[in-house]
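Structural overview
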Amino acid sequence: MPTVDIYNQKNEKVGTLDLADEIFGQELRQDLIWEVVKCQQARMRKGNSSTKTRAEVSGTGAKPFRQKSTGRARQGTKRSPHHYGGGVAFGPKPRSYSYTVPRKVRHKALCSALSHQARENKLRVIQDLKLEVVKTKPVAEMLASLGLNKALVVDSKDNQNLKLSTRNLSNATFRPTEGINLVELLRYENLVISEAAIKQLEGELKK
């Protein structure tokens, strides 16, 4: 069973915590992580590219010239794709790129990433992340004392002071326990989480 040290906001060790082996003791599965990250990034694609077909471009519907005796190929409309200003043939239209992967795959990929962070000492458990006021400086000082350049900060969604205090930091972002996702775990490299939140996270992932 893996264990992790518990620190306060001044980076002083105050205890240890036993982690669930089925969550934080998994092997690194790069194949599953790649599949889930690709799925999440596909869901973020807007898919707004759009072109006009010959039925949508503006222009006359009249025949440009008579059918015979001109020496040119017969034409029925100026809105055809091969005419300047005509419609686009087989162009992109608004679409959704999203797709899903099985829940078990998402679960195993997230546990794999969390386990890797625990092994690489990139998981920092803080005894309490509550702040008295909304202020960015205490969060910045906490991250500096922990020696972290980038971090994903996780606590209960009710911790509004921490959420608002973190939003102005370019090297950190706040997520509630329910909002942890694989893309941000990899982007910010380090996970700073409260003791209560990590117990809640274990409970959610054991379901």
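Up top is the structure these notes are about.
Quick look at the structure, then. (Residues numbered from 1 in each chain as written. Predicted model: local features only at pLDDT ≥ 70, side-chain atom pairs only at ≥ 80, totals over all residues. Heavy atoms only, no water.)

**Regarding the pattern of salt bridges**
This is how the line gets drawn: By convention in these notes, a salt bridge is any Lys or Arg side-chain nitrogen within 4 Å of a carboxyl oxygen on Asp or Glu. The numbering of helices and of strands both runs from the N terminus, where a helix is a DSSP run of H or I of at least 4 residues and a strand a run of E of at least 2. Between buried and exposed lies partly exposed: a residue is buried under 20% and exposed over 50% of the maximum accessible area for its type, with that area taken using a 1.4 Å probe on protein chains only.
Enumeration according to the criterion identifies seven salt bridges in this entry. For Glu195, the salt bridge identified is with Lys199, shortest N-O distance 3.7 Å. One end of the pair is Glu195 and the other is Lys199, both in helix α7 (residues 195–205) and four residues apart, which spans about a single turn. Its relative accessible area of 47% is what places Lys199 among the partly exposed residues.

**So, α7**
The criterion, for reference: Arc definition: directions from the helix axis to the C-beta atoms.
Buried within α7 are the following residues: Glu195, Ala197, Ile198, Leu201, Glu202 and Leu205. Viewed along the axis of α7, the buried residues span an arc of 160°, placing them on a single side of the element.

**Focus: the packing of aromatic side chains**
So the rule is basically this: What counts as a ring pair is set by centres within 6.5 Å for rings of Phe, Tyr and Trp (its six-membered ring), and what kind of pair is set by the plane angle: stacked under 30 degrees, edge-to-face over 60, tilted for all other angles. Charge-over-ring contacts are defined here by two conditions on Lys NZ or Arg CZ: a distance within 6 Å of the ring centre and an angle within 35 degrees of the ring normal.
The tally for this structure, following the rule as stated, stands at zero aromatic pairs. Just above the ring of Tyr97 sits the side chain of Arg45; from NZ or CZ to the centre is 3.5 Å. Above the face of the Tyr97 ring, Arg95 is positioned so that its terminal group lies 3.9 Å from the ring centre.

**Section: the pairing of strand β3 (residues 123–126)**
Definition in use: Following DSSP output, two strands are said to pair if at least two bridges run between them.
Of the two faces of β3, the one carrying Leu123 and Val125 and the one carrying Arg124 and Ile126 are both buried. The sheet contact formed by strand β1 (residues 3–7) and β3 spans two bridges and is parallel. Of the residues in β3, the one forming a bridge with Tyr7 is Ile126.

Coordinates in, geometry out; function isn't part of it.
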